[in-house]
Amino acid sequence: MIEIEHVTKRYGDVAVVDDVSMVIEPRTVTVIVGTSGSGKTTLLRMINRLVEPTSGTIRLDGVDNRTVPGPQLRRSIGYAIQGHGLFPHRTVAQNIATVPSLLGWDAGRIRARVDELLSLFQLDPAAFGARYPHELSGGQQQRVGVARALAAEPNVLLMDEPFGALDPIIRTKAQEDLLAIQRRFGTTIILVTHDMEEAVHLGDRIAVMDAGRLIQYAIPAEILARPANDFVETLVGASDRPFKLLSLGAVRDAVEPGEAEGAAIGDEATQRDALAELLWSGRAAMPVTDDEGRALGRVTVNGLVKRAARPA
Amino acid sequence: MRAWLPLFLRLCVLALLVAFLVSPQVFEPLLKPLTQNGAPAIYNQGSLLSLALQHLRTVAIATVAAIVVAVSLAILVTRPAGVEFLPLSRSLVNIGQTFPPVAVLALAVPAVGFGEKPTLIALFLYGLLPIFENALTGLTTTPANVVEAARGAGMTGWQRLLRVELPLSLPIILAGIRLSVVISLATATIGSTVAAKTLGEVIIAGLLSNNLAFVLQGGLIVAALAVLIYDALSALERMAARRMGQVSAE
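Model, not experiment: these values are computed from the prediction.

Cut-offs applied
- Residues numbered from 1 in each chain as written.
- Chains lettered and ligands numbered in written order.
- Predicted model: local features only at pLDDT ≥ 70, side-chain atom pairs only at ≥ 80, totals over all residues.
- Heavy atoms only, no water.
- Axes fitted to C-alpha atoms, helices over the stretch in contact; angles between N-to-C directions.
- Helix = DSSP H or I, 4+ residues; strand = E, 2+ residues; numbered from the N terminus.
- Parallel < 35°, antiparallel > 145°, perpendicular 65-115°, else oblique.
- Left-handed = near helix turned anticlockwise from the far one by under 90°.
- Contact = heavy atoms within 4.5 Å.
- Nonpolar A, V, L, I, M, F, W, Y, C, P; charged D, E, K, R; others polar.
- Pairing = 2+ DSSP bridges.
- Buried area = accessible area lost by both parts, 1.4 Å probe.
- Salt bridge = Lys/Arg side-chain N within 4 Å of Asp/Glu carboxyl O.
- Core = buried A, V, L, I, M, F, W, Y, C linked by side-chain atoms within 4.5 Å.
- Buried < 20%, exposed > 50% of the residue type's maximum accessible area, 1.4 Å probe, protein only.
- Patch = residues over 30% accessible without salt bridge, like charges linked within 9 Å, V, L, I, M, F, W, Y side chains within 5 Å.
- Areas by Shrake-Rupley, 256 points an atom, 1.4 Å probe, with all protein chains shown as cover.
- Phe/Tyr/Trp six-rings, centres within 6.5 Å; stacked < 30°, edge-to-face > 60°.
- Lys NZ or Arg CZ within 6 Å of the ring centre and 35° of its normal.

Draft legend 1. Seen up close, the packing of helix α3 (residues 48-78) of chain B against helix α10 (residues 212-243) of chain B. All names here are of chain B. Where α3 contacts α10, the axes come no closer than 12 Å and their chain directions differ by 45°. Taken together, the axes of α3 and α10 are oblique relative to one another. Handedness of the crossing formed by α3 with α10: right-handed. Residues Leu48, His55 and Leu56 of α3 touch α10, and the partners they reach there are Gln217, Ile221, Val222, Leu225 and Ile229. Looking at the contact of α3 with α10, its residues break down into six nonpolar, two polar and no charged.

Right, dumping it as structure tokens:
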């Protein structure tokens, strides 16, 4: 659990982060969203003390983070940044081994961990371990960057716009990978982005920041349904918020009894994908199957449209 | 074929240089036409080989001292605690460069006497600037997100310096050392005016006795040494840069 209490950071007279309090539950993904200069990155960097707060306290599992020396604290917290920041003069394996070797793990344990992470990120250890970062594609570099952040098995992972430099297709893949890894390790992830779409997709909770203040901190459906002010509403984007709302639910939850013609959709897909498919194929309903291909029922345009309406 | 030509030429120059230093007498017929009144064509007041080695030794000592001082200074003024000394150290090192080596020699002789010492002082002062400026450039232009990642991973200031900043600046620092070495190789010759044992002795002897053969052999040995060392250091630099995927300046 991460408790942020009345944290303020001033540079001169300007409060970059202004009296922010929030509690982040363990093993969840929290996304901090805001425009440039909203203070979201500064807030993130105060958690691992890359920036020292002017006032206020941050506690990690009950321990005030100022009681641990900075470098030691940072070795226990994963940190991944935009543009990956890999060390260009070190191989992929050496990059991933950064924190474990700072912690003094023995060589065998480091090698085993590096190989495990590379395989986890679908990079063949034999082929990629000895390469240098500049020999990798952008998507591979980003994966190595996240692998490096996770190398010492941290409970908390901080990510500063980790997918900002990726093209849309690779970004979607990287987001799926991140969610899979979060479920596997149960890591608490705090991710900063300016993209509300990404926030809705990844976040268990979303914190919206503007001009240094925490405007709203809630689950995605709540942010979409009841934005705290005009700023949050603009960020959500009035024109497509029904679709964002649908993207939060799985088709499984919208199944109605009955039958329908044509190609089926899996129950894992989002309701937004189902609606898009129905509209595109000009049908009013389509069958739903589970991952073994058994028919579960159908989804209808009417049913989905009702679900896209503002929750009461 | 094309790619091998420069390497082949360098090997030829190296072979010629070694041959000339080991048995200069073999080359006597070539240099004889440059002499007058039956003067010797090959330097006869000492071994060319030992003079060349002394020359290299003087340059090496001065350069190592300049590297240690210049790189330490550059590290110091790029740490948060030392930033305010940046302008001061810059002007100090610049003064070292503006002072002509001959003037340094003239001033150093009364203080430390004749011989190798005043030459070392002059070469050291003259060699500081290129190394310092390049080390400064290297240390201040390490990519911000890489240094940020190093901090975020929990490296201390020293660990960042030794594991990230210095290795990343290595190609640029090497370029500064290369410049410094080549300047020193040439400048060391004037050390012989204050009785330092360098190849300048051959040139000065030639100038004093109006013996063109001496002047030419002294000058050519220094030139060959400079070209070969320059090339070797350039190759080292390219190796360091290529490993990081940087495109070399060539």
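Draft legend 2. Examining the pairing of strand β10 (residues 213-218) of chain A more closely. Residue and element names in this part refer to chain A. Across five bridges, strand β9 (residues 205-210) lies against β10 in antiparallel orientation. Bridging from a neighbouring strand, Met209 pairs with Leu214 of β10. Counting the residues that bridge the hairpin from β9 to β10 gives two residues, and of these Ala211 lies at a positive phi of roughly 50°.

Draft legend 3. Seen up close, the interface of chain B and chain A. At the junction of the two partners, chain B supplies 20 residues and chain A supplies 25 residues. Across the chain B/chain A interface, buried area totals approximately 1,900 Å², and carbon plus sulfur atoms make up 57% of it. Across the chain B-chain A interface, the total number found is one salt bridge. Salt-bridge contacts for B:Glu148 lead to A:Arg45; the nearest nitrogen and oxygen are separated by 2.2 Å.

Draft legend 4. Structural view of the nonpolar core. Core analysis: the largest hydrophobic core is formed by 50 residues, its most contacted members being A:Ile96 and A:Met196. Leave out the neighbours within four places in its chain, and A:Ile96 touches A:Val114, A:Leu117, A:Leu118, A:Val144, A:Ala147, A:Arg148 and A:Ala151.

Draft legend 5. Quick look at a nonpolar patch on the surface. Residues and elements named next belong to chain B. On the surface, Trp4, Leu7, Leu11, Leu14, Val18, Val22, Leu49 and Leu53 cluster together to form a nonpolar patch covering roughly 770 Å² of accessible area. Broken down by secondary-structure element, the contributors of at least two residues to the nonpolar patch are α1 (4-22) and α3. Here the nonpolar patch gets six residues from one element, more than from any other, and that element is α1. With respect to the helices and strands, the residue Leu49 is situated in helix α3. Assessed through its relative accessible area of 35%, Leu49 is described here as partly exposed.

Draft legend 6. Spotlight on the sheet that holds strand β12 (residues 285-289) of chain A. Residue and element names in this part refer to chain A. Read across the open sheet, the three strands follow the order β11-β12-β13; overall the sheet is mixed. Each edge of the open sheet carries a strand with a single partner, namely β11 (265-266) and β13 (295-300). Taken together, the five bridges between β12 and β13 define a ladder with antiparallel strand orientation. The residue of β13 that forms the bridge with Pro287 is Arg298. Packing against the sheet, helix α13 (residues 271-281) makes contact with β11, β12 and β13, and its axis sits at approximately 135° to β12.

Draft legend 7. Examining the environment of A:Val255 more closely. Residue and element names in this part refer to chain A. With respect to the element layout, Val255 can be found in the loop between α12 (241-247) and β11. For Val255, a relative accessible area of 26% puts it in the partly exposed group. Along the backbone, Val255 and Leu296 are 41 residues apart, and their C-alpha atoms lie at a distance of 7.3 Å. Residues within four places of Val255 in sequence aside, it is in contact with Val288, Leu296, Gly297, Arg298 and Val299.

Draft legend 8. Local environment of the sheet that holds strand β1 (residues 2-11) of chain A. All names here are of chain A. Taken together, four strands build an open sheet; the order of strands is β2-β1-β4-β5 and the sheet is antiparallel. On the outer flanks of this sheet lie β2 (14-24) and β5 (63-64), each paired with one strand and no other. Relative to β5, strand β4 (residues 55-60) is paired through two bridges, and the arrangement is antiparallel. Directly across from Leu60, in β5, lies its bridge partner Val63. Helix α1 (residues 40-47) contacts β1, β2 and β4 of the sheet and is inclined by roughly 60° relative to β2.

Draft legend 9. Local environment of the pattern of salt bridges. All names here are of chain A. Evaluation of the coordinates by the stated rule reveals 24 salt bridges over all chains. The shortest N-O distance in the salt bridge between Glu116 and Arg113 comes to 3.2 Å. With Glu116 and Arg113 both in helix α5 (residues 107-120), this residue pair falls three residues apart, about one helical turn. What makes Glu116 partly exposed here is its relative accessible area of 33%. For Arg113, a relative accessible area of 5% corresponds to the buried category. A network of salt bridges, in which partner residues are shared, links Glu3, Glu5 and Arg59.

Draft legend 10. Region of the structure containing helix α7 (residues 144-152) of chain B. Taken together, the buried positions of α7(B) are occupied by B:Val146, B:Glu148, B:Ala149, B:Ala150 and B:Gly152. Just past α7(B), the residue B:Gly154 takes up positive phi, approximately 95°.

Draft legend 11. Highlighting unusual backbone geometry. For A:Asp19, which is not glycine, the phi torsion reads 50° and is therefore positive. The topology assignment puts A:Asp19 in strand β2. Taking relative accessible area as the criterion, A:Asp19 reaches 44% and is therefore assigned partly exposed. The residue B:Asn210 is not glycine, and still its phi comes out positive at about 55°. With respect to the helices, strands and loops of the structure, B:Asn210 is situated in the loop between α9 (200-208) and α10. Since its relative accessible area comes to 60%, B:Asn210 is described here as exposed.

Draft legend 12. Representation of the environment of A:Val288. Tracing the chain through its elements places A:Val288 in strand β12. Here the alpha-carbon distance between A:Val288 and A:Gly258, two residues 30 residues apart in the chain, equals 10.0 Å.

Draft legend 13. The arrangement of the packing of aromatic side chains in detail. Counted according to the given criterion, the structure contains two aromatic pairs over all chains. Where B:Phe20 meets B:Phe27, the ring centres are 5.2 Å apart and the plane angle is 65°; that geometry is what we call edge-to-face. The same class applies to B:Phe20 as to B:Phe27, namely buried. On the numbers, 5.4 Å between centres and 75° between planes, the contact of B:Tyr43 with B:Phe214 is edge-to-face. Here B:Phe214 lies in helix α10 and B:Tyr43 lies in the loop between α2 (28-31) and α3, a separation of 171 residues in the sequence. With a relative accessible area of 6%, B:Tyr43 lands in the buried category. Note on B:Phe214: relative accessible area 2%, which makes it buried. In this structure, A:Arg148 packs its charged tip against the face of A:Phe87, placed 4.7 Å from the ring centre. One Lys or Arg, B:Arg178, reaches over the ring of B:Tyr230 and ends 4.7 Å from the middle of that ring.

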